[in-house]
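Here is what each chain is made of, one letter per residue.
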Amino acid sequence: GLLSCEEESEKKKRRKPALTSDVIATMSSDPGVQALSRNLQLIFGSSLNERYTNQFMSLYLEDMIPVDVILPLAQHNVNKTGIDNPAYIIKIIRSWQKKHKFTNGSDVDDFLALVAEREKVYAKVGEIFSISPEKLTSSEKTVIDRWQEKYKMSFEMIEESFDRAGQQADIKYCERKKKNWSRKGYTSPKDLTDEI
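About the criteria used
Residues numbered from 1 in each chain as written. Predicted model: local features only at pLDDT ≥ 70, side-chain atom pairs only at ≥ 80, totals over all residues. Heavy atoms only, no water. Helix = DSSP H or I, 4+ residues; strand = E, 2+ residues; numbered from the N terminus. Contact = heavy atoms within 4.5 Å. Areas by Shrake-Rupley, 256 points an atom, 1.4 Å probe, with all protein chains shown as cover. Phe/Tyr/Trp six-rings, centres within 6.5 Å; stacked < 30°, edge-to-face > 60°. Polar contact = N/O pair within 3.5 Å; in protein donor to acceptor, adjacent residues only side chain to side chain. Salt bridge = Lys/Arg side-chain N within 4 Å of Asp/Glu carboxyl O. Buried < 20%, exposed > 50% of the residue type's maximum accessible area, 1.4 Å probe, protein only. 1 Å grid on protein atoms, 1.4 Å probe; cavity = no way out; pocket = protein on both sides within 12 Å on 5 of 7 lines; lining within 4 Å. Points joined across faces, edges and corners; volume = space filled by probe spheres on them. Nonpolar A, V, L, I, M, F, W, Y, C, P; charged D, E, K, R; others polar. Axes fitted to C-alpha atoms, helices over the stretch in contact; angles between N-to-C directions. Parallel < 35°, antiparallel > 145°, perpendicular 65-115°, else oblique. Left-handed = near helix turned anticlockwise from the far one by under 90°.

J.: Talk me through the overall build of the protein; I want residue IDs and the actual numbers.
T.: Along the backbone of the protein there are ten helices and zero strands. Walking the protein from its N terminus toward its C terminus, one meets helices and strands in the order α-α-α-α-α-α-α-α-α-α. Counting only contacts in the protein whose residues sit at least 6 apart along the sequence, the fraction spanning at least 24 positions is 64%. When the accessible surface of the protein is totalled, it reaches about 12400 Å², and 50% of it is carbon and sulfur.

Spelled out as structure tokens, the structure:
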């Protein structure tokens, strides 16, 4: 058993260590390195230590994430979470980049606009279901995104599914109703007059 565990652990890819300060110093003429250095201090409210500076530079120089992607994502996450822990922010940036494959700042702007719109929808759906938006699970948020973005369900339809669900009124139960309504082409409460 131990041998197979060791073999598996050797197969796992390990992240390369962040760039050293010597490497970054030789690249300091790069405008991207200069922009990162200057703006990260503004975002975090102070100079970052060498370790975190190197990790941010590694996002740009090794992971090839554009500066106009790194900076707005860092700013958004510091503002949104109130967490100014660089390690946490770097982890989020790396994760979002892997998932969304941003190529420039415009991609990030579009994504952040979608995130802001979704937050408003979560708040409204939270009111309907008497749930605080912060208490919505990630799977419930995925369901709500589907209602709006795939099924094109209005808030009236969401309220209607809630009212018709009675004691079973939770997001997952209402999802089954909405999926059925979407298949039948129902888009407004008027379409539901024949539903029992």
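J.: Account for the packing of aromatic side chains, naming residues and giving values.
T.: With the rule as written, the count across this model stands at five aromatic pairs. Seen from their ring centres, W96 and F111 are 5.1 Å apart, and the 75 degrees between their planes marks the pair as edge-to-face. With W96 in helix α6 (residues 86–100) and F111 in helix α7 (residues 105–129), this pair connects stretches of sequence that are 15 residues apart. An aromatic cluster of three or more residues is present, and its members are W96, F102 and F111.

J.: Please give an account of the side chain of D145 that cites residues and values.
T.: Secondary-structure assignment places D145 in helix α8 (residues 138–149). Reaching out from D145, the side chain makes a polar contact with the side chain of Y122 at a distance of 2.7 Å.

J.: Can you lay out the pattern of salt bridges for me, pointing to particular residues and giving the numbers?
T.: In total, this model carries seven salt bridges according to the counting rule given. Linking R118 and D145 is a salt bridge whose minimum nitrogen-to-oxygen distance equals 3.6 Å. Here R118 is found in helix α7, whereas its partner D145 is found in helix α8, with 27 residues between them in sequence. What makes D145 buried here is its relative accessible area of 12%.

J.: Outline the layout of surface pockets, supporting the account with residue identities and numerical values.
T.: Taken as a whole, the largest pocket holds about 570 Å³ of empty space. Taken together, 19 residues line the largest pocket, and the ones lying closest to its centre are W96, V115, E119, Y122 and K141. Looking at the lining of the largest pocket, the elements that each hand over two or more residues are α5 (67–81), α6, α7 and α8. Among the elements that line the lining of the largest pocket, the one with the most residues is α7, at six residues. Of the residues assigned to the lining of the largest pocket, the class counts are six nonpolar, six polar and seven charged.

J.: Mind laying out the packing of helix α3 (residues 31–44) against helix α4 (residues 50–61), listing which residues take part and the relevant values?
T.: Where α3 contacts α4, the two axes come as close as 11 Å, and the packing angle between them is 135 degrees. Here α4 runs oblique to α3, going by the angle between their axes. Both α3 and α4 take part in a crossing whose hand is right-handed. Between α3, through G32, V33, L36, S37, L40 and F44, and α4, the contact on the second element is made entirely by F56, M57, Y60 and L61. Residues belonging to the contact of α3 with α4 are distributed by class as follows: eight nonpolar, two polar and no charged.

J.: Got a sec to walk through the side chain of N77? Specific residues and values, please.
T.: Here N77 is to be found in helix α5. Assessed through its relative accessible area of 4%, N77 is described here as buried. Polar contacts involving the side chain of N77 include one to the main-chain carbonyl oxygen of L73, which spans 2.8 Å. Apart from the residues lying within four places of it in its own chain, the contact partners of N77 are G82, I83, I89, I92 and W96.

J.: Could you give an account of unusual backbone geometry, with specific residues and numbers?
T.: The backbone of S130 sits at a positive phi, close to 55 degrees, despite the residue not being glycine. Note on S130: relative accessible area 68%, which makes it exposed. The phi torsion at K152 lies on the positive side, around 55 degrees, for a residue other than glycine. Its place among the elements puts K152 in the loop between α8 and α9 (155–165).

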